[in-house]
Amino acid sequence: MWCARFILLSAAIVLMLGGLCVYDPYLTYVGAGAGISGGFMAILQWMVASKARCPLCHTPILADKACSRHRQAKNAFGSHRTRVALAIIFKNQFYCPYCNEPTLLRLRNSVNRA
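Let me sum up the structure you'll find in this document. All values reported here derive from a predicted model rather than from experimental measurement.

Criteria and thresholds
- Sequence order sets the numbering: in each chain, residues are counted from 1 along the sequence as written.
- Given that the model is predicted, a residue must reach a pLDDT of at least 70 before its local features are reported, and side-chain atom pairs must reach 80 or more before they are shown or counted; all residues, however, enter totals for whole chains, interfaces and linings.
- Excluding hydrogens and water, the side-chain values take into account all heavy atoms of the structure.
- We count a stretch as a helix when DSSP gives it H or I for four or more residues in a row; a strand needs E for two or more, and each element gets its number in order from the N terminus.
- Expected span of a helix, by definition, is 1.5 Å for each gap between consecutive residues, and there is one gap fewer than residues.
- Buried, partly exposed and exposed residues are distinguished by accessible area as a fraction of the type maximum, computed with a 1.4 Å probe on protein chains only: under 20%, between the cut-offs, and over 50%, respectively.
- Here, residues are in contact when the closest pair of their heavy atoms is within 4.5 Å.
- For helices, the axis comes from a line fit to the C-alpha atoms of the stretch in contact; other axes are also lines fit to C-alpha atoms, and the angle between any two N-to-C directions lies between 0 and 180 degrees.
- Between 65 and 115 degrees an angle is taken as roughly perpendicular, under 35 as roughly parallel, over 145 as roughly antiparallel, and anywhere else as oblique.
- Each crossing is labelled by how the near helix is turned from the far one, with a counterclockwise turn of less than a right angle marking it left-handed and a clockwise turn marking it right-handed.
- Asp, Glu, Lys and Arg are counted as charged, while Ala, Val, Leu, Ile, Met, Phe, Trp, Tyr, Cys and Pro are counted as nonpolar; the rest, among them Gly, fall into the polar class.
- Both cavities and pockets are sets of points on a 1 Å grid over the protein atoms alone; in a cavity a 1.4 Å probe fits but cannot get out, in a pocket the set is open with protein on both sides within 12 Å along at least five of seven lines, and lining residues sit with an atom within 4 Å of a point.
- Grid points are joined across faces, edges and corners, and a volume is the space filled by probe spheres set on the points.
- Each nonpolar core is a collection of buried residues, namely Ala, Val, Leu, Ile, Met, Phe, Trp, Tyr and Cys, held together in the definition by side-chain atoms within 4.5 Å.

What follows covers helix 1 (residues 2-21). Along its 20 residues, helix 1 runs 29 Å from first to last C-alpha, staying within 8% of the 28 Å computed at 1.5 Å per residue. Restricting attention to buried positions, one finds in helix 1 the residues W2, C3, A12 and G19. Positioned one or two residues after helix 1, Y23 has a phi angle of 55°, which is positive.

Written out as structure tokens, the structure is:
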């Protein structure tokens, strides 16, 4: 959702400016639709991001926190959250920007606890 939001909002700006430059109302409407979709994606991502936590330090990895990051934490395109989102998509693992520990994404074993 983090990457889709970035792509949709960037595409909205390009399409709306392109539509205004060539006087094409259809292109401008498509750009406005992409902007609205990007806005909805931002709200949905904000709601889901607070639930995604690092299993070691329990800090929300995709939410905007004011916590200090690890001194060796790397970023992508100037953002630690972008690096985490891209690592999850392409490598199925990520390094927490707060504790710098590697985490492999896997499903938990669902056991009935009675």
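Next, the rest of the story.
Note on placement: Q45 falls in helix 2 (residues 25-49). For Q45, the contacting residues outside a window of four places in its chain are M1, W2, R5 and L62.

This next bit is on the packing of helix 1 against helix 2. Relative to each other, helix 1 and helix 2 sit at 160°, their axes nearing to 7 Å. As summarised for this structure, helix 1 and helix 2 are arranged roughly antiparallel, according to the angle between their axes. Considering the relative orientation of helix 1 and helix 2, their crossing is left-handed. Taken together, the residues that form the contact of helix 1 with helix 2 break down as 14 nonpolar, nine polar and one charged.

For the rest of this paragraph, the subject is the environment of Y26. Its place among the elements puts Y26 in helix 2. Linking Y26 and M16, residues 10 residues apart in sequence, is a C-alpha distance of 9.6 Å.

Considering only enclosed or pocket space, the largest pocket measures out at about 560 Å³ in volume. Every residue lining the largest pocket is counted, 23 residues in all, and those nearest its centre are A52, R53, I61, F94 and L105. Mapped by element, the contributors of at least two residues to the lining of the largest pocket are helix 1, helix 2, helix 3 (80-91) and strand 2 (102-104). Here the lining of the largest pocket is built from residues that sort into 17 nonpolar, three polar and three charged. Estimated volume of the second largest pocket: approximately 210 Å³. In terms of residue count, the dominant contributor to the lining of the second largest pocket is helix 3 (five residues). Its residues assigned to classes, the lining of the second largest pocket shows seven nonpolar, four polar and three charged.

This part takes up the nonpolar core. With 13 residues, the main nonpolar core has C54, I61, L62, V84, A85, F94 and C96 as its most contacted residues. Of all the secondary structure elements, the ones that give two or more residues to this core are helix 1 and helix 3. For this core, the element with the most residues is helix 3, which contributes three residues. Aside from chain neighbours lying at most four places away, what touches L62 is Q45, A49, A52, R81, V84 and A85.

So, to be careful, I would describe these as geometric facts and stop short of saying anything about function.
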